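# Structural features, examined
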Amino acid sequence: MNPSEFQAGIQQAVEKLRALAQSDPQIEPLLEQVSQMEAGYQELLVERDTLIAEQKSLIEQLKRMLFGPKSEQLTPEQETQLAEVAGDLQEQVARRVPDSQEVLIDETESEQKEDKKSWRPRPRRPLPIELEVITTVLEPAEAACKYCGKLGDKIGEEISEQVDLIPAKLIVRRTVRIKRGCRCGCGGVAIAPLPAALIPGSRLGLGLAVFILLSKYDDHLALYTLERIFRERHGMIIPRQQMVQWIEHIAGLLRLIVDRMWKRMKQGDYLQIDETPVRVLDPEVKGKAAKGYLWFFAQPKGDVILVFDQGRSHQVPAEQLRGFQGLFQSDDFSAYETLVKKLPGVRRAGCAAHARRRFYEAALEGDRQGIWFIGRFRQLYRIEDEVRDQTPQERQAIRQAQAPAIWAEIKIRAEQLQPVLLPQSSLGKAVRYCLNEYEVLQIYLERPDYQIDNNLCENSIRPSCVGKRRWLFIGHPDAGWRSAVIYSIIQS
């Protein structure tokens, strides 16, 4: 049954139920359920049509940007390559990566694999077992028998569940310490020691401290917004200047943990490095915000350490990597090249995502030859998808069997094109980057735990990028280290 036939069947059922409901009031609840099913099905159709329209628009836009007028004919090879790229883009549009477990209504994995044409109501997933459960038991109002007056025996129960939220509230956690004095004349007084405080002499409780840190650095709320929330929702005035002092003190404590994390990270032999600019209000820079940098040092699927500095020279990562021996992965920024020369026992691996990105840019500017390279990088990434869940030995064997031949094709094609390309054209730059990085781009084939690109480290940059679009700048150069320490804890 196709969707239109199914919809027509629902409408006929609704009409029949409406006719029956006029004579039998018990039909009303069933009629309401069927009406809800019809509304839900209409929403699914709208979502499907919207997704299809987005994908069609994306493909047409790609065709226009790549190949100009539609009258211009494409070769069969270009058509195939374009279809592959469009397919990858469609997967990105349709892919959903939830940040938290969906518990209200969702498809099970088995249903996602079924043919989408066979529509069925989506069942509810069970609620996470780690949620606190508050149970309310309801007894019937007239449980006693009207004949004998005795309470009926329990023969069963019906359970319904809802996901609810208990709103946050401020409390005063009062500690009373009893003093005991001896009456024998010795003058002895006994009192329990004061429990350890997060900040001695402060009224800041641990729960409030965690809430402030997560609100600013994970939910990306500005402190003046938090100040307003406390005032309007809780009737409590907590000046943002006070919160700044609290954050500075807590960051000082967390810094000890980050230092230990960093020492443990340098004991390994594989890191990924990247950096992102951030605006800073420097009193020495008049009329505009100064520029600083957050440097990211990450172990793939492990800890992430952030370091703030006002410069972008090689001295920043060189100081951090002092004592490190092994491989770091990055783009071709000149500071990273200098690291290899300055630090003995350190070498660099390249990032395939940066190389592929340059060919995308060339293709989007209308150079068709870039599509061929995108197709080859697509094959390399398909290999990575295939080996992701394999054992290290299997991953290494599959990589060595399939990837080197593709890299060889990329090099041969790039060397053929380079003499006939304008050096400053988009494709010329992409080819030059690929050839200059060719050797370090293949280092990931040496070990199964090496990554093909630096994307895991780049992904760790996203939370801070979302944050700086909200809070816009770091308020003072001295405040940069606090942000780096707290982001390191949250993202690790």
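Thresholds applied
Residues numbered from 1 in each chain as written. Predicted model: local features only at pLDDT ≥ 70, side-chain atom pairs only at ≥ 80, totals over all residues. Heavy atoms only, no water. Core = buried A, V, L, I, M, F, W, Y, C linked by side-chain atoms within 4.5 Å. Buried < 20%, exposed > 50% of the residue type's maximum accessible area, 1.4 Å probe, protein only. Helix = DSSP H or I, 4+ residues; strand = E, 2+ residues; numbered from the N terminus. Contact = heavy atoms within 4.5 Å. Pairing = 2+ DSSP bridges. Axes fitted to C-alpha atoms, helices over the stretch in contact; angles between N-to-C directions. Patch = residues over 30% accessible without salt bridge, like charges linked within 9 Å, V, L, I, M, F, W, Y side chains within 5 Å. Areas by Shrake-Rupley, 256 points an atom, 1.4 Å probe, with all protein chains shown as cover. Salt bridge = Lys/Arg side-chain N within 4 Å of Asp/Glu carboxyl O. pLDDT = per-residue confidence, 0-100.

## With respect to the nonpolar core
Grouped together as the largest cluster of nonpolar side chains are 55 residues, with contacts concentrated most on Ile212, Met243, Trp246, Trp295, Phe297 and Leu321. With ten residues, the top contributor of residues to this core is helix 7 (residues 240–266).

## With respect to the side chain of Gln329
For Gln329, the position within the fold is in strand 6 (residues 326–329). Setting aside residues up to four positions removed in sequence, Gln329 forms contacts with Tyr270, Leu271, Gln272, Ile273, Ala349, Gly350, Gln451, Ile452, Asp453 and Asn454.

## Side note on the sheet that holds strand 3 (residues 270–280)
Here five strands make up an open sheet; going across it, the order is 5-4-3-6-7 and the pairing mixed. Where the open sheet ends on each side, the last strands, each with one partner, are strand 5 (304–309) and strand 7 (346–349). Between one strand and the next, the sheet's axes are offset by a mean angle of 30 degrees, whatever the strand orientation. Sitting on the sheet, helix 9 (residues 334–342) is in contact with strand 3, strand 4 (290–298), strand 6 and strand 7, with an inclination near 150 degrees to strand 7. Strand contacts of helix 16 (residues 480–491): strand 4 and strand 5, with the helix running at about 170 degrees to strand 5, the strand carrying the most contacts.

## Brief notes about a nonpolar patch on the surface
Side chains of Leu206, Val210 and Leu214 sit close together on the surface and give an oily, nonpolar patch of about 260 Å² of accessible area. Mapping Val210 onto the fold places it in helix 5 (residues 206–217).

## Points about the pattern of salt bridges
Inspection of every chain in the model, using the stated rule, returns 15 salt bridges. Across the pair Glu319 and Arg322 runs a salt bridge, and its minimum N-O distance is 2.9 Å. Exposure remark for Arg322: the relative accessible area of 52% places this residue in the exposed category. Connected through shared salt-bridge partners, Asp269, Arg447 and Asp449 make up one network.

## Focus on the environment of Val431
Tracing the backbone shows Val431 in helix 13 (residues 426–436). The exposure class of Val431 is buried, given its relative accessible area of 1%. Taking the C-alpha atoms as reference, Val431 lies 9.4 Å from Ile410; in sequence the two are 21 residues apart. For Val431, the residues in contact, after removing those within four places along its chain, are Phe359, Phe373, Ala414, Gln418 and Leu421.

## A short note on the confidence of the model for the chain
In the predicted model, the chain carries a mean pLDDT of 80, and the fraction of residues at 70 or more is 73%. For the stretch residues 95–117, pLDDT sits under 50, and the model shows 26 contacts to residues farther than four places along the chain or on other chains.

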